[in-house]
Amino acid sequence: AQSVAQPEDQVNVAEGNPLTVKCTYSVSGNPYLFWYVQYPNRGLQFLLKYITGDNLVKGSYGFEAEFNKSQTSFHLKKPSALVSDSALYFCAVRVHSGTYKYIFGTGTRLKVLA
Amino acid sequence: DTEVTQTPKHLVMGMTNKKSLKCEQHMGHRAMYWYKQKAKKPPELMFVYSYEKLSINESVPSRFSPECPNSSLLNLHLHALQPEDSALYLCASSQESGGAYETQYFGPGTRLLVL
(Lines give C-alpha, C1' and ligand atoms only; values in the text may rest on other atoms or scores of the structure.)
Protein backbone atom coordinates (compact mmCIF):
# COMPACT_ATOMS: atom_id res chain seq x y z
CA ALA A 1 0.00 0.00 0.00
CA GLN A 2 1.17 3.51 -0.74
CA SER A 3 1.65 5.64 2.32
CA VAL A 4 3.35 8.56 3.97
CA ALA A 5 4.55 8.59 7.57
CA GLN A 6 5.39 11.46 9.85
CA PRO A 7 6.86 9.74 12.88
CA GLU A 8 6.75 12.73 15.23
CA ASP A 9 3.48 14.21 16.45
CA GLN A 10 5.30 17.25 17.76
CA VAL A 11 8.71 18.84 17.36
CA ASN A 12 9.98 21.51 19.71
CA VAL A 13 12.90 23.72 18.76
CA ALA A 14 14.39 26.92 20.13
CA GLU A 15 14.18 30.05 18.02
CA GLY A 16 17.30 30.45 15.91
CA ASN A 17 18.13 26.74 15.95
CA PRO A 18 17.84 24.54 12.87
CA LEU A 19 14.68 22.51 12.56
CA THR A 20 13.85 19.20 10.90
CA VAL A 21 10.40 17.70 10.39
CA LYS A 22 10.58 14.10 9.24
CA CYS A 23 8.67 12.34 6.50
CA THR A 24 9.09 8.88 5.01
CA TYR A 25 7.15 7.40 2.14
CA SER A 26 6.26 4.11 0.55
CA VAL A 27 5.10 4.29 -3.06
CA SER A 28 5.38 2.25 -6.20
CA GLY A 29 7.01 4.11 -9.02
CA ASN A 30 8.39 7.63 -8.88
CA PRO A 31 7.45 9.59 -5.77
CA TYR A 32 6.00 13.07 -6.12
CA LEU A 33 6.36 14.60 -2.68
CA PHE A 34 4.95 17.78 -1.19
CA TRP A 35 5.10 19.76 2.04
CA TYR A 36 2.25 21.94 3.27
CA VAL A 37 1.92 24.12 6.37
CA GLN A 38 -1.32 24.87 8.20
CA TYR A 39 -1.73 27.71 10.66
CA PRO A 40 -4.61 27.56 13.18
CA ASN A 41 -8.06 27.73 11.58
CA ARG A 42 -6.55 28.18 8.13
CA GLY A 43 -6.21 26.15 4.97
CA LEU A 44 -3.04 24.43 3.85
CA GLN A 45 -0.30 26.51 2.29
CA PHE A 46 2.07 24.95 -0.23
CA LEU A 47 5.73 25.05 0.80
CA LEU A 48 7.63 22.96 -1.73
CA LYS A 49 7.61 19.81 -3.82
CA TYR A 50 10.00 17.23 -5.21
CA ILE A 51 9.42 15.94 -8.71
CA THR A 52 12.81 14.98 -10.07
CA GLY A 53 16.33 16.33 -10.28
CA ASP A 54 18.26 17.95 -7.45
CA ASN A 55 17.66 16.16 -4.16
CA LEU A 56 17.63 19.44 -2.23
CA VAL A 57 14.47 21.38 -2.91
CA LYS A 58 14.09 24.99 -1.82
CA GLY A 59 10.68 26.40 -1.01
CA SER A 60 8.79 29.24 0.59
CA TYR A 61 9.69 31.05 3.83
CA GLY A 62 13.25 29.72 3.87
CA PHE A 63 12.24 26.07 4.05
CA GLU A 64 13.97 23.32 2.13
CA ALA A 65 13.61 19.58 1.93
CA GLU A 66 16.01 16.80 1.14
CA PHE A 67 14.90 13.85 -0.93
CA ASN A 68 16.71 10.63 -0.06
CA LYS A 69 15.76 7.74 -2.28
CA SER A 70 17.70 5.06 -0.42
CA GLN A 71 16.07 6.00 2.88
CA THR A 72 12.71 6.82 1.24
CA SER A 73 12.64 10.08 3.13
CA PHE A 74 11.74 13.69 2.40
CA HIS A 75 12.57 15.66 5.53
CA LEU A 76 11.69 19.33 5.82
CA LYS A 77 14.41 21.63 7.12
CA LYS A 78 15.12 25.22 7.95
CA PRO A 79 18.50 26.56 9.08
CA SER A 80 17.12 29.00 11.65
CA ALA A 81 13.64 28.61 13.13
CA LEU A 82 11.30 31.51 13.83
CA VAL A 83 8.52 31.63 16.40
CA SER A 84 6.18 32.36 13.48
CA ASP A 85 7.07 28.96 11.99
CA SER A 86 5.00 27.33 14.73
CA ALA A 87 2.24 25.48 12.88
CA LEU A 88 1.07 22.07 11.71
CA TYR A 89 3.10 20.56 8.87
CA PHE A 90 1.86 17.91 6.46
CA CYS A 91 3.89 15.79 4.10
CA ALA A 92 1.99 14.39 1.11
CA VAL A 93 2.65 12.09 -1.80
CA ARG A 94 0.73 12.24 -5.02
CA VAL A 95 -0.40 8.83 -6.17
CA HIS A 96 -2.48 7.48 -9.01
CA SER A 97 -5.71 5.71 -8.10
CA GLY A 98 -8.07 6.22 -10.99
CA THR A 99 -6.82 9.77 -11.02
CA TYR A 100 -4.03 11.49 -9.18
CA LYS A 101 -4.64 12.44 -5.56
CA TYR A 102 -2.70 13.19 -2.41
CA ILE A 103 -2.03 10.85 0.45
CA PHE A 104 -1.26 12.98 3.49
CA GLY A 105 0.84 12.12 6.49
CA THR A 106 -0.71 12.50 9.93
CA GLY A 107 0.92 15.88 10.48
CA THR A 108 3.64 17.19 12.79
CA ARG A 109 3.07 20.11 15.09
CA LEU A 110 6.11 22.35 15.18
CA LYS A 111 6.55 24.55 18.21
CA VAL A 112 9.31 27.14 18.10
CA LEU A 113 10.15 28.47 21.53
CA ALA A 114 11.35 32.02 22.06
CA ASP B 1 -2.35 34.82 -7.90
CA THR B 2 -2.79 31.50 -6.13
CA GLU B 3 -5.93 32.33 -4.21
CA VAL B 4 -8.85 30.05 -3.54
CA THR B 5 -11.71 31.70 -1.67
CA GLN B 6 -14.36 29.99 0.42
CA THR B 7 -17.59 31.25 1.92
CA PRO B 8 -18.82 31.31 4.57
CA LYS B 9 -15.90 31.19 7.00
CA HIS B 10 -18.09 29.74 9.72
CA LEU B 11 -21.42 27.95 9.57
CA VAL B 12 -23.67 26.63 12.31
CA MET B 13 -26.58 24.47 11.21
CA GLY B 14 -29.14 22.16 12.68
CA MET B 15 -29.58 18.60 11.58
CA THR B 16 -32.68 19.46 9.55
CA ASN B 17 -31.20 22.47 7.76
CA LYS B 18 -30.07 22.77 4.18
CA LYS B 19 -27.01 24.91 3.54
CA SER B 20 -24.31 25.31 0.92
CA LEU B 21 -20.58 25.93 0.98
CA LYS B 22 -19.02 27.88 -1.87
CA CYS B 23 -15.54 27.85 -3.35
CA GLU B 24 -14.11 30.02 -6.10
CA GLN B 25 -10.81 30.24 -7.94
CA HIS B 26 -9.71 32.43 -10.85
CA MET B 27 -6.43 30.73 -11.70
CA GLY B 28 -7.85 28.92 -14.71
CA HIS B 29 -7.54 25.60 -12.90
CA ARG B 30 -9.63 22.78 -14.27
CA ALA B 31 -9.58 20.49 -11.23
CA MET B 32 -11.29 21.28 -7.94
CA TYR B 33 -11.48 19.32 -4.73
CA TRP B 34 -13.43 19.10 -1.50
CA TYR B 35 -11.72 17.86 1.65
CA LYS B 36 -12.96 17.33 5.19
CA GLN B 37 -10.56 17.91 8.04
CA LYS B 38 -11.09 17.02 11.68
CA ALA B 39 -9.05 18.75 14.37
CA LYS B 40 -5.35 17.82 14.33
CA LYS B 41 -5.92 15.31 11.53
CA PRO B 42 -4.90 15.37 7.88
CA PRO B 43 -7.45 16.40 5.27
CA GLU B 44 -9.61 13.61 3.87
CA LEU B 45 -10.51 13.77 0.22
CA MET B 46 -14.26 13.82 -0.48
CA PHE B 47 -14.75 14.77 -4.13
CA VAL B 48 -12.73 15.66 -7.21
CA TYR B 49 -14.07 17.56 -10.20
CA SER B 50 -12.12 17.56 -13.41
CA TYR B 51 -13.27 19.79 -16.25
CA GLU B 52 -16.53 20.36 -14.35
CA LYS B 53 -17.30 16.66 -14.16
CA LEU B 54 -17.23 14.59 -11.02
CA SER B 55 -14.28 12.22 -11.29
CA ILE B 56 -13.88 10.98 -7.73
CA ASN B 57 -16.42 10.43 -4.97
CA GLU B 58 -14.67 8.85 -1.99
CA SER B 59 -17.82 7.04 -0.83
CA VAL B 60 -19.17 10.19 0.75
CA PRO B 61 -22.71 9.99 2.27
CA SER B 62 -25.45 11.41 0.06
CA ARG B 63 -26.18 14.15 2.60
CA PHE B 64 -23.19 15.85 0.96
CA SER B 65 -23.90 16.86 -2.63
CA PRO B 66 -21.22 18.56 -4.72
CA GLU B 67 -21.88 20.78 -7.69
CA CYS B 68 -19.56 22.47 -10.18
CA PRO B 69 -21.59 25.12 -12.06
CA ASN B 70 -18.57 26.31 -14.05
CA SER B 71 -14.81 26.02 -14.11
CA SER B 72 -14.33 28.66 -11.40
CA LEU B 73 -16.97 27.61 -8.90
CA LEU B 74 -17.48 24.62 -6.68
CA ASN B 75 -20.36 24.17 -4.26
CA LEU B 76 -21.03 21.65 -1.54
CA HIS B 77 -24.71 21.28 -0.65
CA LEU B 78 -25.44 20.03 2.84
CA HIS B 79 -28.66 18.42 4.01
CA ALA B 80 -29.62 16.46 7.12
CA LEU B 81 -26.10 16.45 8.50
CA GLN B 82 -25.05 14.75 11.70
CA PRO B 83 -23.03 16.25 14.56
CA GLU B 84 -20.07 14.10 13.55
CA ASP B 85 -19.98 16.02 10.26
CA SER B 86 -18.71 19.05 12.16
CA ALA B 87 -15.28 19.80 10.73
CA LEU B 88 -13.23 22.21 8.63
CA TYR B 89 -14.19 21.84 4.97
CA LEU B 90 -11.41 22.72 2.59
CA CYS B 91 -11.61 23.44 -1.09
CA ALA B 92 -8.58 23.12 -3.34
CA SER B 93 -7.77 23.51 -6.99
CA SER B 94 -5.03 22.45 -9.37
CA GLN B 95 -4.33 22.97 -13.02
CA GLU B 96 -5.60 19.51 -13.88
CA SER B 97 -6.30 16.40 -11.87
CA GLY B 98 -4.39 14.16 -14.25
CA GLY B 99 -0.94 15.56 -13.60
CA ALA B 100 1.37 13.55 -11.42
CA TYR B 101 3.17 16.47 -9.89
CA GLU B 102 0.60 19.22 -9.86
CA THR B 103 0.33 21.43 -6.84
CA GLN B 104 -3.02 21.81 -5.16
CA TYR B 105 -3.85 25.23 -3.77
CA PHE B 106 -6.14 25.31 -0.78
CA GLY B 107 -8.71 27.80 0.39
CA PRO B 108 -8.93 28.92 4.03
CA GLY B 109 -11.81 26.56 4.74
CA THR B 110 -15.30 26.73 6.18
CA ARG B 111 -15.62 25.77 9.84
CA LEU B 112 -18.89 23.83 10.10
CA LEU B 113 -20.69 23.06 13.34
CA VAL B 114 -23.73 20.79 13.25
CA LEU B 115 -25.98 20.96 16.28
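All residue numbers refer to position in the chain's written sequence, counted from 1. Lettering for chains starts from A, numbering for ligands starts from 1, and both go in the order in which the items are written. Note on the predicted model: pLDDT of at least 70 is required for a residue's local features to be given, and 80 or more for side-chain atom pairs to be given and counted; whole-chain, interface and lining totals, by contrast, use all residues. Only hydrogens and water are removed before side-chain values are computed, so all heavy atoms of the structure are retained for them.

(A) The interface of chain B and chain A, seen in detail. Contacts are residue-level and defined by heavy atoms, with any inter-residue pair within 4.5 Å sufficient. The interface is formed by 25 residues belonging to chain B together with 21 residues belonging to chain A. As a working definition, buried area equals the accessible area (1.4 Å probe) given up by two parts on being put together, with both sides summed. Of the roughly 1900 Å² buried where chain B meets chain A, counting both sides, 56% is carbon and sulfur surface. We count a salt bridge whenever a side-chain nitrogen from Lys or Arg sits within 4 Å of a carboxyl oxygen from Asp or Glu. Our enumeration of links across chain B and chain A arrives at one salt bridge. Note that B:Glu58 is salt-bridged to A:Lys101, the shortest N-O span being 2.5 Å.

(B) Spotlight on a nonpolar patch on the surface. Patch definition: residues above 30% relative accessible area lacking any salt bridge, with like charges linked at up to 9 Å and the nonpolar side chains Val, Leu, Ile, Met, Phe, Trp and Tyr linked at up to 5 Å. In this description, accessible areas are obtained by the Shrake-Rupley approach with a 1.4 Å probe, and a residue is regarded as covered only by the protein chains that are shown. Taken together, the side chains of B:Val12, B:Leu113 and B:Leu115 make up a nonpolar region of the molecular surface, amounting to roughly 290 Å² of accessible area. Position of B:Val12 relative to the elements: it lies in strand E2 (residues 10-13). Starting at the N terminus, helices and strands are each numbered in turn, a helix being any DSSP run of H or I of at least four residues and a strand any DSSP run of E of at least two.

(C) Representation of the packing of aromatic side chains. All names here are of chain A. Only the six-membered ring of Trp is used, alongside the rings of Phe and Tyr, when aromatic pairs are assigned; centres must lie within 6.5 Å, and planes under 30 degrees apart are stacked while those over 60 apart are edge-to-face, with the rest tilted. Across all of its chains, the model carries 17 aromatic pairs over all chains by this definition. The interplanar angle of 20 degrees and the centroid separation of 6.0 Å between the aromatic rings of Tyr 25 and Phe 67 together place this pair among those described as stacked. Note that Tyr 25 is positioned in strand E4 (residues 24-26) and Phe 67 in strand E8 (residues 64-68), a separation of 42 residues in sequence. Comparing Tyr 25 with Phe 67 shows no difference in burial state: the two are buried. Categorising residues by exposure relies on relative accessible area from a 1.4 Å probe, with only protein chains included: less than 20% of the type maximum marks a residue as buried, more than 50% marks it as exposed, and the intermediate range marks it as partly exposed.

(D) Representation of the pattern of salt bridges in the model. This structure, assessed with the given rule, holds seven salt bridges over all chains. A salt bridge links A:Asp85 to A:Lys78, with the shortest nitrogen-to-oxygen separation between them at 2.8 Å. Per residue, the accessibility class of A:Asp85 equals that of A:Lys78, and both read buried. Between B:Glu52 and B:Arg30 there is a salt bridge, with its nearest N and O atoms 2.9 Å apart. Of the two residues, B:Glu52 sits in the loop between strand E5 (44-50) and strand E6 (53-57) while B:Arg30 sits in the loop between strand E3 (18-25) and strand E4 (31-37), which places them 22 residues apart along the sequence.

(E) Up close: the nonpolar core. Ranked by internal contacts, the top residues of the largest apolar core, which has 27 residues, are A:Trp35, A:Leu47, A:Leu48, A:Phe74, A:Leu76 and A:Tyr89. For A:Leu48, the residues in contact, after removing those within four places along its chain, are A:Leu33, A:Phe34, A:Trp35, A:Val57, A:Lys58, A:Gly59, A:Phe63, A:Glu64, A:Ala65, A:Phe74 and A:Leu76. Put simply, a nonpolar core is a bunch of buried Ala, Val, Leu, Ile, Met, Phe, Trp, Tyr and Cys residues held in one set by side-chain atoms that sit within 4.5 Å of each other.

(F) Just the layout of surface pockets, in detail. Cavity means a closed set of points on a 1 Å grid over the protein atoms alone, one where a 1.4 Å probe fits but cannot get out, pocket means an open set with protein on both sides within 12 Å along at least 5 of 7 lines, and lining means a residue has an atom within 4 Å of a point. Grid points are joined across faces, edges and corners, and a volume is the space filled by probe spheres set on the points. Put simply, the second largest pocket is a space of about 210 Å³. Residue lining of the second largest pocket: 13 residues in total, with A:Gln38, A:Pro40, A:Asn41, B:Lys40 and B:Arg111 positioned closest to the centre.

(G) Representation of the pairing of E5(B) in the model. All names here are of chain B. Among the seven residues in E5, six count as buried, and that is most of the element. Strand pairing requires that DSSP identify at least two bridges connecting the strands. Judged from the six bridges that link them, E4 and E5 form a sheet pairing that is antiparallel. In the sheet register, Trp 34 faces E5, and the bridge partner there is Phe 47. Adjacent in sequence and paired antiparallel, E4 and E5 are bridged by six residues, among which Lys 40 carries a positive phi angle near 60 degrees.

(H) Highlighting the sheet that holds strand E8 (residues 73-79) of chain B. All names here are of chain B. Pairing in this open sheet of four strands is antiparallel, and the strands run E1-E3-E8-E7 from one edge to the other. Across the chains shown, the open sheet's two edge strands, defined by having one partner strand only, are strand E1 (4-7) and strand E7 (64-70). Here the strands of the sheet are splayed against their neighbours by 20 degrees on average, with no regard to which way each runs. Inter-axis angles, ranging from 0 to 180 degrees, are taken between N-to-C directions of lines fitted to C-alpha atoms, where helices are fitted over the stretch in contact.

(I) Geometry of the environment of B:Cys91. Residues and elements named next belong to chain B. Structurally, Cys 91 can be placed in strand E9 (residues 87-94). Note: C-alpha distance between Cys 91 and Val 48 (43 residues apart in sequence) is 10.0 Å. Beyond its immediate sequence surroundings of up to four residues, Cys 91 is in contact with Val 4, Gln 6, Cys 23, Met 32, Tyr 33, Trp 34, Leu 74, Tyr 105, Phe 106 and Gly 107.

(J) The side chain of B:His29, seen in detail. All names here are of chain B. You can see His 29 is positioned in the loop between E3 and E4. Exposure remark for His 29: the relative accessible area of 7% places this residue in the buried category. We define a polar contact as two N or O atoms separated by no more than 3.5 Å, with the added condition that, inside protein, one atom must be a possible hydrogen donor and the other a possible acceptor, whereas residues neighbouring each other in sequence contribute only through side-chain atom pairs. Separated by 2.8 Å, the side chains of His 29 and Ser 93 make a polar contact.

(K) Just the state of the cysteines, in detail. Pairs of cysteine sulfur atoms within 2.5 Å are identified as disulfides in what follows. Inspection of the entire model under this criterion finds two disulfides over all chains. Residue pairing for A:Cys23: its cysteine sulfur links by disulfide to A:Cys91, the two sulfurs lying 2.0 Å apart. When the S-S torsion is -60 degrees, as for the bridge of A:Cys23 with A:Cys91, the disulfide is left-handed. Taken together, the residues A:Cys23 in the loop between strand E3 (19-21) and E4 and A:Cys91 in strand E10 (residues 87-97) connect sequence positions 68 residues apart. For the residue pair A:Cys23 and A:Cys91, the accessibility class agrees, reading buried in each case. B:Cys23 supplies the cysteine sulfur nearest to B:Cys68, a cysteine that is in no disulfide, at a spacing of 9.2 Å. By relative accessible area, B:Cys68 is classed as buried at 13%.

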